[in-house]
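Here is how the chains run, residue by residue.
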Amino acid sequence: MKLVIQKYGGTSVGSIERILSVAQRIKKWRSNNYALVVVTSAMSGETNKLLGLISGISKNNNKWSREIDQVVSSGEQVAAGLLAVALNEIGVPSVSFTGWQVAIKTNSAHSKARINSIDTEMIMTEINNNKVVVVTGFQGVNNCGSITTLGRGGSDTSAVALAAALNAQECLIFTDVDGVYTTDPRIVPEANRLAKITFEEMLEMASLGSKILQIRSVEFAGKFKVRTRVLSSLTNYDIPIEKESISGTLITHEEDKKMENAVISGIAFNRDEAKITITGVPDTPGVAFRILGPIAKANIDVDMIIQNSSNDGSTDFSFTVNRVDLDEATRVIETKVKSEINALDISSDNQICKVSVVGIGMRSHVGVASQMFEVLSNEGINIKMISTSEIKISVVIDDKYMELAVRSLHDAFGLEKK
Ligand code: ADP
Ligand code: ASP
Ligand code: MG
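So, how was this worked out
- Residues numbered from 1 in each chain as written.
- Chains lettered and ligands numbered in written order.
- Predicted model: local features only at pLDDT ≥ 70, side-chain atom pairs only at ≥ 80, totals over all residues.
- Heavy atoms only, no water.
- Pairing = 2+ DSSP bridges.
- Helix = DSSP H or I, 4+ residues; strand = E, 2+ residues; numbered from the N terminus.
- Axes fitted to C-alpha atoms, helices over the stretch in contact; angles between N-to-C directions.
- Contact = heavy atoms within 4.5 Å.
- Buried < 20%, exposed > 50% of the residue type's maximum accessible area, 1.4 Å probe, protein only.

Caption draft 1: Structural view of the sheet that holds strand β19 (residues 385-389). Strand order in the open sheet formed by four strands is β13-β18-β20-β19, with antiparallel pairing between adjacent strands. Edge positions in the sheet fall to β13 (266-270) and β19, since each has one partner strand and no second. Averaged over all neighbouring strand pairs, the angle between strand axes comes to 20°, with direction disregarded. Of the strand pairs in this sheet, β19 and strand β20 (residues 392-398) are connected by five bridges, and their pairing is antiparallel. Bridge pairing in β20 places Thr388 opposite Ile393. The sheet strands contacting helix α15 (residues 402-412) are β13, β18 (352-358) and β20, and the helix crosses β18 at an angle near 10°.

Structural data, given as structure tokens:
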């Protein structure tokens, strides 16, 4: 029997009606003789609701991180149990487990834990008993037996990690769109669904802000060569299995010929960052380290960095951090850096966004960056920062121009529906 992992996201299990539809879809796969492990997210809106309850009591997320994980992990437990009941009701034997029951073992970084290993014994016993095993996404357990969660969108990672651990034939990520698009179809309705995308491109798209898959799930899929497909749970559940199993977007390891021809595969955007600028910094060796060392010590990730030297021996130094870290990063610079390096001033901007074009075709094409800059210039959009890699170009611009920039670039690079 072929084993597949199926993951259903929040919208896919967002109501009793949707859970019943998921159960019917699973029944169809079982009748076609597939063994199934199903990973479920919390019903849509539940995780936010649970986080809202917590913030009504405390804003101190770092201090109570263990208890917060106890609370936010519960949404998935409800959805998994409901789905198992729905399956049993329609004659599909099923059992649900939480991440700690399985056990999905993680490190202790509450709210952003990493999976270290998965015990497969209990799952395999139930599969051999012909049961569909439903596992809660988004969570695991650390060495002390505390529940941990894997970060927002973490059920994708649970699913791909289970697929790797169980050596499944494929991991199917069922969601509320019918695949990975050239950009978020909510922003550009003309966006095109990609039949295939390479892991490298998907990894860039995810890390540059496309929330369709959690970054870590793509890393797992690449590392363990898990065949992963993104597809819709909103189609009729009785769509023939031959059709369903080739629908959506396949994340592939091969760069096939057709894909090489596409210079740009997609456009990602990210509104989660903020920029800090330190002006009048003496332009001396080691200054970058003296600024970013204390930031790293405070456990704050830095994304883009820009430094401009001027003739008067001083420099302006800007870098971006996640918006949630802005206050702490500013505090560190004010208290531990500013007087140390004799800087003139510090300012911050959280009304920025990062827009990126991604494509492996860039390796063999010149002029992509200048085309991108020309499009933004024609729209009168000022570029505040630029960073490039072999397969992506990112710019930081004013947040208010985000949609305009994404639409214009999508159009200029010919990504719209033909
Ligand atoms: P789930 O709850 O199933 O995990 P998510 O909301 O996490 O679903 O991810 C699906 C959403 O991702 C879509 O509704 C879409 O708005 C968004 N999205 C962002 N970028 C893309 C993209 N390039 N292609 C498709 N969807 C995208
Ligand atoms: N329920 C979690 C979240 O909303 C995990 C997930 O949906 O993947 O982030
Ligand atoms: Mg998601």
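Caption draft 2: Region of the structure containing the pairing of strand β11 (residues 228-232). Counted residue by residue, β11 has five buried out of five residues, so it is predominantly covered. Alternating positions in β11 separate into two faces, Thr228, Val230 and Ser232 on one and Arg229 and Leu231 on the other, with burial throughout. The pairing of strand β9 (residues 170-175) with β11 spans five bridges and is parallel. In the sheet register, Thr175 faces β11, and the bridge partner there is Ser232. Alignment of β11 against strand β12 (residues 249-252), held across three bridges, turns out to be antiparallel. By the bridge assignment for β12, Thr228 is matched with Ile251.

Nothing here speaks to function; it is all geometry.
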